[in-house]
Amino acid sequence: MYINAIGHYIPSKRVSNDYFKDLNGLDADWIVQRTGIETRSRCSEEENVNTMAYEAVENAIPRLPYPVKDVDLIVAAHYCAYDTVGTVAHCLQRKYGIEGAKAVYASSACSSFVNGLEIIEGYFAMGKAKRALLVCSEHNSYYSDDHDPKAGHLWGDAAVAYFLSKEKISENDIEILTIYTEGLGHIGVGPDGVMLRPKECGIAMPNGRDVFMYAVKYMQHALEKNLEDTGLSPDDITYFIPHQANMRIIKQLARMMDMPLERILSNIKDLGNTGSASAPLVLAQHQDELKKGDIASLMVFGGGYSCAAFTIRK
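Our next topic: the overall build of the chain. On a plain count of helices and strands, the chain comes out with 9 helices and 13 strands. At 18 Å, the chain has a C-alpha radius of gyration in line with the 20 Å of a compact globule built from 314 residues. Overall, the chain is about 50 × 45 × 35 Å in size when its C-alpha atoms are taken along their principal axes. Buried positions account for 57% of the 314 residues belonging to the chain. Long-range pairs, those at least 24 residues apart, make up 77% of the contacts in the chain with a sequence separation of at least 6. Accessible surface, the chain as shown: approximately 13200 Å² in total, 46% of it carbon and sulfur.

Right, dumping it as structure tokens:
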């Protein structure tokens, strides 16, 4: 399976740590020390999950080696939703006139994007699709409570769009070597670790310590399982891209796996936790820096719980 084009969209608005002092009593320096976040991206009042998805697709199209209408599968994979009936997948199908394509929405917390890749891999394997569009758009600030001292200061907004094909189409394609996902609802506090209940509490993380502990453990687990089928070891990886939930989690993962920090790509300092868009967003931001033969592994942990990883080669 190959990535033919990658696009992304990051809202221009930034919210600094100082904003939260009067809302939840957290000092700017404390937020940096505990999370690594200095600012976070936020949608304007005119933006939402759908508009960010459109912008991400538009950003990818100039790199796309075929017409958008050639897509025969559209997968929207994310947990923030503007509409759970007329989904982003259906809206994209309508906007671009992609007749005859399948349109699917899937959610697995911050593992959603990688689960979306696996869904596409399955359609390709069954011969039911050949070219796909995977979009992940997270409007966390639509659901978050800035007054929440446990998690209100974490969230950023962003979207990514990946065009994929079963077979290689151009010399610029990026090969996906392997994909691994696993549901972990049975461990720790599971579904009570992170939640998004629109009519009750919005998006919340009442059990941060539990999330931290299992995120480190199972991102390592996901990467190791992901590499099993490739014959690669962590020493062969050019860049590691962990889920951008917390810089302390990333540094702990680096220590446990002996990852040199200079080989870890990150955007959490400037954008905050952009949810399931975060790791693929980092890849989107650095795609032009990849040289022929470079290998990157992305590993994520989702509230609920779940873990996932995928490895690509330029």
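Now that the structure has been shown, the text picks up again.
Among the nonpolar cores identified, the biggest contains 66 residues, and Leu 133, Phe 163, Met 259 and Phe 301 are the most heavily contacted of them. Of the residues forming this core, the biggest block, 9 residues, is contributed by helix H6 (residues 208-228). Non-local contacts of Phe 163, meaning those with residues more than four positions away in its chain, are made with Tyr 2, Ile 3, Asn 4, Ala 5, Val 57, Ala 60, Leu 64, Tyr 66, Val 68, Val 71, Ala 132 and Leu 133. Listed in part, the 42 residues of the second largest apolar core include Val 114, Ile 176, Ala 279 and Leu 290.

Okay, the sheet that holds strand E6 (residues 131-139) next. Spatial strand order, E5-E4-E6-E7-E1-E8-E13-E12-E11: 9 strands in an open sheet with mixed pairing. Looking at strand neighbours, the two that pair on one side only are strand E5 (102-106) and strand E11 (239-242), the edges of this open sheet. Going from strand to strand, the sheet's axes swing by 20 degrees on average, the running direction of each strand aside. Packed on one face of the sheet, helix H3 (residues 49-60) meets strand E1 (2-9), E6 and strand E7 (157-165) and runs near 130 degrees to E1.

Another aspect to go through is the pairing of strand E4 (residues 73-77). Strand residues, when the strand is regular, have side chains that alternate between the two faces of the sheet. Counting buried residues in E4 gives 5 out of 5 residues, a clear majority hidden from the surface. Judged from the 5 bridges that link them, E4 and E5 form a sheet pairing that is parallel. By the bridge assignment for E5, Val 75 is matched with Val 104. The sheet contact formed by E4 and E6 spans 4 bridges and is parallel. Across the sheet, residue Ala 76 finds its bridge partner in E6, namely Val 135.

The contact between H3 and helix H4 (residues 88-96) brings their axes to 10 Å, and the two run at 55 degrees. In terms of their interaxial angle, H3 and H4 are classed as oblique. Remark: the crossing between H3 and H4 carries right-handed chirality. Mapping the contact onto sequence places Val 49, Asn 50, Ala 53, Tyr 54, Val 57 and Glu 58 in H3 and Val 88, Cys 91, Leu 92, Lys 95 and Tyr 96 in H4. Its residues assigned to classes, the contact of H3 with H4 shows 8 nonpolar, 1 polar and 2 charged.

Tracing the sequence through the fold places Asp 148 in the loop between E6 and E7. Aside from chain neighbours lying at most four places away, what touches Asp 148 is Asn 24 and His 153.

Bridge analysis of E1 against strand E8 (residues 174-183) gives 2 bridges, and the strand direction is antiparallel. If you follow Ile 3 over to E8, its bridge partner there is Ile 174. Looking at chain direction, E8 and strand E13 (residues 306-313) are connected through 8 bridges and run antiparallel. Looking across to E13, one finds that Glu 175 is bridged to Arg 313.

Here we come to the packing of aromatic side chains. On inspection of all chains with the given rule, the structure shows 7 aromatic pairs. Ring geometry for Phe 113 against Tyr 162: centres 4.8 Å apart, planes inclined by 70 degrees, an arrangement best described as edge-to-face. Placement of Phe 113 in helix H5 (residues 112-125) and of Tyr 162 in strand E7 is noted, with a sequence separation of 49 residues between them. Classification of Phe 113 as buried rests on a relative accessible area of 1%. Ring geometry for Tyr 214 against Tyr 218: centres 6.2 Å apart, planes inclined by 35 degrees, an arrangement best described as tilted. Of this pair, Tyr 214 and Tyr 218 both sit in helix H6, 4 residues apart, which is roughly one turn of that helix. Taken as a pair, Tyr 214 and Tyr 218 share a single burial class, namely buried. Clustering of aromatic rings is evident, with ring pairs tying together Tyr 214, Tyr 218, Phe 301 and Tyr 305.

With that settled, the discussion passes to the environment of Asp 210. Tracing the chain through its elements places Asp 210 in helix H6. In this structure the C-alpha to C-alpha distance between Asp 210 and Asp 192, which are 18 residues apart in sequence, comes to 9.8 Å. Residue contacts for Asp 210: discarding those within four places in its chain leaves Gly 188, Val 189 and Tyr 305. Side chain to side chain, Asp 210 and Tyr 305 meet in a polar contact 2.7 Å long.

The rules behind each value
Residues numbered from 1 in each chain as written. Predicted model: local features only at pLDDT ≥ 70, side-chain atom pairs only at ≥ 80, totals over all residues. Heavy atoms only, no water. Helix = DSSP H or I, 4+ residues; strand = E, 2+ residues; numbered from the N terminus. Rg over C-alpha atoms; globule rule 2.2 N^0.38 Å. Buried < 20%, exposed > 50% of the residue type's maximum accessible area, 1.4 Å probe, protein only. Contact = heavy atoms within 4.5 Å. Areas by Shrake-Rupley, 256 points an atom, 1.4 Å probe, with all protein chains shown as cover. Core = buried A, V, L, I, M, F, W, Y, C linked by side-chain atoms within 4.5 Å. Pairing = 2+ DSSP bridges. Axes fitted to C-alpha atoms, helices over the stretch in contact; angles between N-to-C directions. Parallel < 35°, antiparallel > 145°, perpendicular 65-115°, else oblique. Left-handed = near helix turned anticlockwise from the far one by under 90°. Nonpolar A, V, L, I, M, F, W, Y, C, P; charged D, E, K, R; others polar. Phe/Tyr/Trp six-rings, centres within 6.5 Å; stacked < 30°, edge-to-face > 60°. Polar contact = N/O pair within 3.5 Å; in protein donor to acceptor, adjacent residues only side chain to side chain.

Structural measurements only, silent on function.
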